[in-house]
Amino acid sequence: MKKSLVSMLSALFGVVLGAGVTGKIQEEALKKCKDMSEKHLALFLMMNRWVEVRQEGKRLVTYFENNGYKRIAVYGMSYAGETLLEELRGTEIQVAYGIDKNASSICADIEVVSMEDSLEDVDVVVVTAIAFFDEIERELSDKLECPIISLEDILYEI
């Protein structure tokens, strides 16, 4: 009788413990999905704003010229970073280099370095990874003396 009671309690404890672990794993997976969803929504809204800006006949080069930024660096060399490079191609604005955590695997028309590399002085760094702007700004501020601005902020200022 005692053995069967201990066996039943052990099985019940195992079920409860297993359910708790499974719930924790599902909670972490759900949080990761939610974070990715929020990141992609922010990126979509920013790119949508960019389209609106272009439809209004405005160009980002104007922002840089008006602020005296001639030599810039771009943080985040994915879709938004590549689009920014393309928009500034053929203008007076020189993109000196890109910065990306995956620098070694990025193929671009400019030099791409990682945050751990030595960063040359530029007039401004434009951060295209808007979901992580605060964290990136803190890190870059320790390495550079120039303004660090979000591409999203530029799009709403223009």
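Residues numbered from 1 in each chain as written. Predicted model: local features only at pLDDT ≥ 70, side-chain atom pairs only at ≥ 80, totals over all residues. Heavy atoms only, no water.

**Student:** Would you mind going over the packing of aromatic side chains with me for this structure?
**Tutor:** Two measures describe an aromatic ring pair: the distance that separates the ring centres and the angle between the ring planes. Here the structure, examined in full by the defined rule, presents 2 aromatic pairs. Seen in terms of ring centroids, Y63 and F64 are 5.6 Å apart; in terms of plane orientation they differ by 85 degrees. Their pairing is edge-to-face. Summarising the burial analysis for this pair, Y63 and F64 share the class buried. Seen in terms of ring centroids, Y63 and Y69 are 6.3 Å apart; in terms of plane orientation they differ by 45 degrees. Their pairing is tilted. Like Y63, the residue Y69 is buried in the burial classification. Joined through ring pairs, the aromatic side chains of Y63, F64 and Y69 make up one cluster. (Phe/Tyr/Trp six-rings, centres within 6.5 Å; stacked < 30°, edge-to-face > 60°. Buried < 20%, exposed > 50% of the residue type's maximum accessible area, 1.4 Å probe, protein only.)

**Student:** Would you mind showing me how to read the side chain of D100 here?
**Tutor:** With respect to the helices and strands, D100 occurs in the loop between β2 (94-99) and β3 (112-113). The charged side chain of D100 is buried without a salt bridge, its nearest counter-charge being K101 at 6.9 Å. Of note is the side chain of D100, whose polar atom sits 2.9 Å from the backbone nitrogen of N102. When residues no more than four places from it in sequence are discounted, the contact partners of D100 are G76, M77, S78, I106, V112, V113 and S114. (Helix = DSSP H or I, 4+ residues; strand = E, 2+ residues; numbered from the N terminus. Lys, Arg positive; Asp, Glu negative; His and termini not counted. Salt bridge = Lys/Arg side-chain N within 4 Å of Asp/Glu carboxyl O. Polar contact = N/O pair within 3.5 Å; in protein donor to acceptor, adjacent residues only side chain to side chain. Contact = heavy atoms within 4.5 Å.)

**Student:** Explanation requested: the pairing of β2 in the structure shown.
**Tutor:** In regular strands, side chains alternate between the two faces of the sheet. Taken across its 6 residues, β2 has 5 buried, putting it largely inside the fold. In terms of strand pairing, strand β1 (residues 71-75) meets β2 through 5 bridges, oriented parallel. By the bridge assignment, R71 is partnered in β2 with Q94. Once you follow β1 into helix α3 (residues 79-88) and on to β2, the crossover reads as right-handed. As paired elements, β2 and β3 share 2 bridges and run parallel to each other. Directly across from I99, in β3, lies its bridge partner V113. (Pairing = 2+ DSSP bridges. Right-handed = clockwise from strand over helix to strand, strands pointing away.)

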